[in-house]
Amino acid sequence: MAASVREKQAAALKRMLNFNAPPLKNTASEPVWKVLIYDRFGQDIISPLLAVKELRDMGITLHLLLHSDRDPIPDVPAIYFVMPTEENIDRICQDLRNQLYESYCLNFISAVSRSKLEDIASSALAANAVTQVTKVYDQYLNFITLEDDMFILSHQNKELISYHAINKPDILDTDMEAIMDTMVDSLFCFFVTLGAVPIIRCPTGNAAEMVAVKLDKRLRENLRDARNSLFTGDTMTGGQFSFQRPLFVLADRNLDLATPLHHTWTYQALIHDVLDFHLNRVSMEEGLGAESSPAGARPKKKNRKTYDLTAVDAFWQKHKGSPFPEVAESVQEELDRYRAQEDEVKRLKTIMGLEGEDEGAISMLSDNTAKLTSAVSSLPELLEKKRLIDLHTNVATAVLDHIKSRKLDVYFEYEEKLMSKSTLDKSLLDVISDPDAGTPEDKMRLFLIYYITAQQVPSESDLEQYKKALLDAGCDLSPLNYIKQWKAFTKMAATPASYGSGGVKPMGLFSRVMNSGSQFVMEGVKNLVIKQHNLPVTRILDHLMEMKSHPETDSYRYFDPKMLRGSESSTPRNKNPFQEAIVFVVGGGNYIEYQNLVDYAKAKPGKKVLYGCSELFNSTQFIKQLSQLGQK
């Protein structure tokens, strides 16, 4: 199995932290102690990949933000990992003047311009610190990998490249150019790190096409300059794409607006939807509701706890794509298994307290010593297991509270029926006007999905009725204004996306089957099983990856940056199905689509699919963007 992007990016970071020399595996000597200075961008790139402990093993004693007040540490080398922005460069020059560190190894997250390098050089001269600036590197790491098969472009300043920014009606061409350049810079970094030149496919007439044209140009320019090309030499040989190039599909968010609003039923997507989940870290408030404080007393201050959900966590890797009821059962099973192991250790302890000198006790003692040794050696493992079980118990309980209080199972089932055009068991108006079901936002999401997926737009009188019900439920109607314009516009452009014959099979309500000792009281929550179906993005990928002819994708443009001359029509096209593909959604993505692609790839042995998006938003954040667009 070739290295994933996540591994490649982590390896690049480790090389950087070792002063850009390959890290030595087998040395018993201590690493060189050094400090790491990063900006917010650098922090976001490093934090999902390297834990603090790993940084320490690499010899990083301190890691500080560039723009914080830092004390001079004159006899320690410093490694900088920052974006080449004006203010960062100014701050680095200031550090040189103040002689903060012994030496400076400057790493820029994306390529630094000539003029900025000259600024650094002149201030190094002025500060008499030329010899101390040991290295200056462009790292081309301007993207964030969250999973082995998922990446996003940025987390800081993401509103600059958000769906809202791209689709503003009053956007200037110059602004649009800037947004596209930002995205292309990150995508270029992504392919440099991957070490592969893709074949690019994109739809026509939208933001995705603009990104594709610019990216093609940028890759071409780099390949043409053979001496400085980033895609030659040793970086390419170890790549996973030794004989076949990956397909890079650019999709536009406008292709499918229903999925980001959809209520979901798989573990990872649910966490992202209802809890605060950023860059693989969940933060939630502890101690909700249980202890009611006596009247007049100050309410207890809620602690915020953060949990990291990482690749090391086997339970998470196995269940992040499972339907929630399955996850609840698995957590319970893990807990029971852990308790059994714990009881075994306790039992041994009591036996070891044996008194008396009789023969039996002595023979038992020698027998148990062996047992105890093995129990003690398995303790660290047990404790780690306990930590992970507690983590998932807490997270899953928090998710369950949301499901129960907002009736998310009802919404999920209803929306699946809307999207797969199957028969509905109760009218949309009933769900919207049911005061117990969900928050105003849940109702708005449901209605928008209905509106987006409806074959015929509801008549004016019906719409008024819905609007009144939504207003009574306390909804903000501005997202609807935008979706109305969008629907009218897409109707001219294309047919609405179809969502496949998906749907869910209700398995009956959860009864008491979940044994009475269970942590999770699932009564009244529907046990829904998801039927596999492809979302629009996955379907488009399927057509392009398998080289199927289909009206939906036949008009997609084809770019091959390796063909130095020749127009699009004359480019000889690859006829074989692709083994590797990267799907990138311009305008933002979500875990529902990611999960759908993961499931698609699982069903096709030997195929690898990566998912990327310009930003990762949950439906709350997306609705906010829609309502800003609707208020214009």
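Basis of the calculations
- The residue numbers shown here count from 1 along each chain, following its written sequence.
- The predicted origin of the model limits local features to residues at a pLDDT of at least 70 and limits the giving and counting of side-chain atom pairs to 80 or more, whereas totals for whole chains, interfaces and linings rest on all residues.
- Values shown for side chains rest on all heavy atoms present in the structure; no hydrogens or waters enter the calculation.
- Strands are runs of DSSP state E lasting at least two residues, helices are runs of H or I lasting at least four, and both sets are numbered from the N terminus onward.
- Here's how the labels work: a residue is buried when its accessible area is under 20% of the maximum for its type, exposed when over 50%, partly exposed in between, all with a 1.4 Å probe on protein chains only.
- By definition, residues are in contact when any of their heavy atoms lie within 4.5 Å.
- In this description, accessible areas are obtained by the Shrake-Rupley approach with a 1.4 Å probe, and a residue is regarded as covered only by the protein chains that are shown.
- In this analysis, axes come from line fits to C-alpha atoms, helices being fitted only over the stretch in contact, and the angle between any two N-to-C directions falls in the range 0 to 180 degrees.
- Oblique is the label for every angle not falling under 35 degrees (roughly parallel), over 145 degrees (roughly antiparallel), or within 65 to 115 degrees (roughly perpendicular).
- Polar here means any residue outside two lists: the nonpolar Ala, Val, Leu, Ile, Met, Phe, Trp, Tyr, Cys and Pro, and the charged Asp, Glu, Lys and Arg; Gly therefore counts as polar.
- Working definition: a ring pair exists when centres of Phe, Tyr or Trp rings (six-membered ring for Trp) sit within 6.5 Å. Plane angles under 30 degrees give stacked, over 60 give edge-to-face, the rest tilted.
- Should the NZ of a Lys or the CZ of an Arg lie within 6 Å of a ring centre and within 35 degrees of the ring normal, that charge is described as sitting over the ring.
- Residue types Ala, Val, Leu, Ile, Met, Phe, Trp, Tyr and Cys, when buried and joined through side-chain atoms within 4.5 Å, form a set referred to as a nonpolar core.
- At least two bridges found by DSSP between two strands are what make those strands a pair.
- Multiplying one less than the number of residues by 1.5 Å gives the expected span of a helix.

Draft legend 1. The overall build of the protein chain, seen in detail. When helices and strands are tallied, the protein chain shows 22 helices and 17 strands. Within the span of the protein chain, comprising 632 residues, buried residues form 51% of the whole. Taking contacts inside the protein chain between residues at least 6 apart in sequence as the whole, the part at least 24 apart equals 80%. Accessible surface, the protein chain: about 30,000 Å² in total, of which carbon and sulfur atoms supply 54%.

Draft legend 2. Quick peek at the packing of helix α17 (residues 440-453) against helix α22 (residues 619-631). The interhelical angle for the contact between α17 and α22, taken along N-to-C directions, is 70 degrees, at an axis separation of 11 Å. Our classification of the angle between α17 and α22 gives roughly perpendicular. Along the contact surface, α17 presents E441, M444, R445 and L448, while α22 presents S619, T620, I623 and L626. Of the residues contributing to the contact of α17 with α22, the split by class is 4 nonpolar, 2 polar and 2 charged.

Draft legend 3. Molecular detail of the packing of aromatic side chains. One pass over the full model with this rule turns up 24 aromatic pairs. Look at F191 and F248: their rings are 4.9 Å apart centre to centre, the planes differ by 85 degrees, and that puts the pair in the edge-to-face class. Taken as a pair, F191 in helix α7 (residues 173-194) and F248 in strand β9 (residues 247-252) lie far apart in primary sequence, 57 residues in all. When its relative accessible area of 0% is taken as the criterion, F191 is described as buried. By relative accessible area, which is 0% here, F248 ends up buried. Both rings, one in W265 and one in F412, keep their centres 5.8 Å apart while their planes meet at 15 degrees; by these two values the pair is stacked. Here W265, found in the loop between β9 and α10 (267-274), pairs with F412, found in helix α15 (residues 408-419); they are 147 residues apart in sequence, far enough to count as distant. In this structure, W265 and F412 share a single accessibility class: buried. Following the ring pairs from residue to residue traces out a cluster consisting of Y267, F277, W316, F324, Y591, Y594 and Y611. In this structure, R218 packs its charged tip against the face of F188, placed 4.1 Å from the ring centre.

Draft legend 4. Representation of unusual backbone geometry. Located in the positive-phi region is N280, a residue other than glycine, with phi close to 65 degrees. Structurally, N280 can be placed in the loop between β10 (276-278) and β11 (281-285). The backbone of K407 shows a phi angle near 50 degrees, a positive value even though the residue is not glycine. Inspection of the secondary structure puts K407 in the loop between α14 (379-406) and α15. Residue class for K407 comes out partly exposed when judged on its relative accessible area of 30%.

Draft legend 5. Just the nonpolar core, in detail. Among the nonpolar cores identified, the biggest contains 78 residues, and F81 and I271 are the most heavily contacted of them. In contact with I271, not counting residues within four places along its chain, are F277, V282, L309, W316, V395 and V399. Counting residues in hydrophobic clusters, the runner-up holds 39 residues, among them I200, C202, A207 and L610.

Draft legend 6. The arrangement of the environment of Y591 in detail. Tracing the backbone through its elements, the reader meets Y591 in helix α21 (residues 591-603). Note: C-alpha distance between Y591 and M150 (441 residues apart in sequence) is 9.6 Å. Those residues in contact with Y591 that lie beyond four places of it in its chain are L146, M150, Q268, A269, H272, F277, N280 and L616.

Draft legend 7. The arrangement of the packing of α14 against α15 in detail. Here α14 crosses α15 at 75 degrees, and the two axes come no closer than 6 Å. With respect to α15, the axis of α14 lies roughly perpendicular. Together, H402, I403 and R406 of α14 and L408, D409 and Y411 of α15 make up the contact between the two elements. Looking at the contact of α14 with α15, its residues break down into 3 nonpolar, 1 polar and 2 charged.

Draft legend 8. Spotlight on the sheet that holds strand β12 (residues 304-308). Across the sheet, 3 strands lie side by side as β10-β11-β12; this open sheet has antiparallel pairing. Edge positions in the sheet fall to β10 and β12, since each of these pairs with one other strand and no more. Across the sheet, the mean angle separating the axes of adjacent strands is 20 degrees when strand polarity is ignored. For β10 and β11, the ladder comprises 3 bridges, and the chain directions are antiparallel. In the sheet register, D276 faces β11, and the bridge partner there is S283.

Draft legend 9. The arrangement of the sheet that holds strand β5 (residues 133-138) in detail. Taking strand neighbours across the sheet as the criterion, the 5 strands line up as β2-β1-β3-β4-β5 in an open arrangement whose pairing is parallel. Sheet topology places β2 (60-65) and β5 at the edges, where each strand pairs with a single neighbour. Going from strand to strand, the sheet's axes swing by 20 degrees on average, the running direction of each strand aside. Judged from the 5 bridges that link them, strand β4 (residues 101-108) and β5 form a sheet pairing that is parallel. Paired with N107 across the strands is Y137, a residue of β5. Of the strands in this sheet, β3 (73-82), β4 and β5 touch helix α4 (residues 86-97), which is tilted by about 165 degrees from β4.

Draft legend 10. Expanded view of helix α20 (residues 536-545). Burial within α20 is extensive, with 10 of its 10 residues counted as buried. Regarding α20, the residues found buried are P536, V537, T538, R539, I540, L541, D542, H543, L544 and M545. The inward-facing, buried residues of α20 contact β8 (199-202), β9, β16 (580-586), α21 and β17 (608-613). In the segment just after α20, M547 is the residue with positive phi, at about 55 degrees.

Draft legend 11. Highlighting the environment of D181. Along the chain, the position of D181 falls in helix α7. Owing to a relative accessible area of 40%, D181 belongs among the partly exposed residues under this scheme. For D181 and V211, which are 30 residues apart along the polypeptide, the C-alpha to C-alpha distance reads 7.9 Å.

Draft legend 12. Representation of α14. With 28 residues, α14 should reach 40 Å at 1.5 Å per residue; the first-to-last C-alpha distance of 40 Å fits that figure. Positive backbone phi, approximately 50 degrees, marks K407, located one or two places after α14.

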